[in-house]
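So the chains spell out like this:
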Amino acid sequence: MVLDQSDLASEYVEDILAWIKVKETKVSKLQLLSPQLDSRRQLVDWSCEVAVKLKLTTQTIHLAVKLLDHFMDGHDIEDPQLYLVCLGCLQLAAKMHEKETNIPRGSKIVALLPEPLSLSAFLSLEFVMLNFFEWDICMPTSCYLTELLLPHSIHPTDRQWGRPIANFRTAKAELHLAVKEMLDIGLQEETMMQVVPSLMACSVLQASRLVCGMFPDWPDQLDTMTGYTRDQLELITDSLVSLHKLHGEEVLCPVDEGYHSNISVGYYSPEK
């Protein structure tokens, strides 16, 4: 029996998800004891602004924030050094996700600091951070998994607001925008820090389908592909939907605007 492309794609995604779920069990759980936790939202916003200037991808900023969360969780960092740590996390994440030509040079990174710093000092911090992570910074993120599942998140046979989808291109664009907003919420909110990436990614997709009026809100294909049921997603999905209503687009824009997806053409384009 010869599998068609969709079957092959699903099998490929399932294998990656299985590996990532194993990887998630090996990542230390955040204790949320960092003295700098109250500054986290400000640091995330600042990191996103820097990512815009450096033209870094969404996956890079999500990995950078995850590295920041874990590094802060294990250190008591003085306020003036927090921005330096943010830049160190961005640099490490860029080396994982960016094309070589888009990895920012150390001199360019240092120039973005509020206070002057030598390049050698910045490189020393990078070495300290790598030692802290035992040179393993390949951490799963909800952004990576969401983008992996995104092509399977909407189908022409879905219904929208109780009716057949009238314009699939438009519906797909609406869903992708909602996904981007949900990812921004997950990135900003301290309450989401301990949610494992695979669960967060699936909840992001379900919450996005809900706010876009898609039915079913969690299709059987995604249930089978991810191994997550509607009941398992309910708590995080409800939280995302509530936060989405609370925040509104005007609050999300500063984080969402500028930095872009690794698959930005496919992420925003409704051509399929």
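Residues numbered from 1 in each chain as written. Predicted model: local features only at pLDDT ≥ 70, side-chain atom pairs only at ≥ 80, totals over all residues. Heavy atoms only, no water.

Draft legend 1. Focus on helix α6 (residues 119–132). Taking 1.5 Å of rise per residue, 14 residues should cover 20 Å, and α6 covers 20 Å from first to last C-alpha, within 8% of that figure. Taken together, the buried positions of α6 are F122, L125, E126, M129 and L130. In an axial view of α6, the angular spread of the buried residues amounts to 135 degrees, which keeps them on one side of the axis. The secondary structure elements touched by the buried residues of α6 are α3 (58–73), α4 (79–97) and α5 (106–110). (Helix = DSSP H or I, 4+ residues; strand = E, 2+ residues; numbered from the N terminus. Expected span 1.5 Å × (residues − 1). Buried < 20%, exposed > 50% of the residue type's maximum accessible area, 1.4 Å probe, protein only. Arc of directions from axis to C-beta. Contact = heavy atoms within 4.5 Å.)

Draft legend 2. View of the pattern of salt bridges. Tallying each qualifying case throughout the model produces seven salt bridges. Close ionic contact of R40 with D69 constitutes a salt bridge, the shortest N to O distance being 2.7 Å. Within this pair, whereas R40 is found in helix α2 (residues 40–54), its partner D69 is found in helix α3, the two being separated by 29 residues in sequence. Take R40 and D69: they sit in the same class, and that class is buried. (Salt bridge = Lys/Arg side-chain N within 4 Å of Asp/Glu carboxyl O.)

Draft legend 3. The arrangement of the confidence of the model for the protein in detail. This prediction gives the protein a mean pLDDT of 86; 88% of its residues lie at or above 70. Averaged pLDDT values over the elements of the protein bottom out at 32 in helix α13 (residues 264–268) and peak at 98 in helix α9 (residues 197–211). Confidence drops under pLDDT 50 across residues 1–8; counting only partners more than four residues distant or on other chains, this segment forms two contacts. Overall, residues 250–272 carries pLDDT values under 50, and its contacts beyond four positions in sequence, including any with other chains, amount to 57 contacts. (pLDDT = per-residue confidence, 0-100.)

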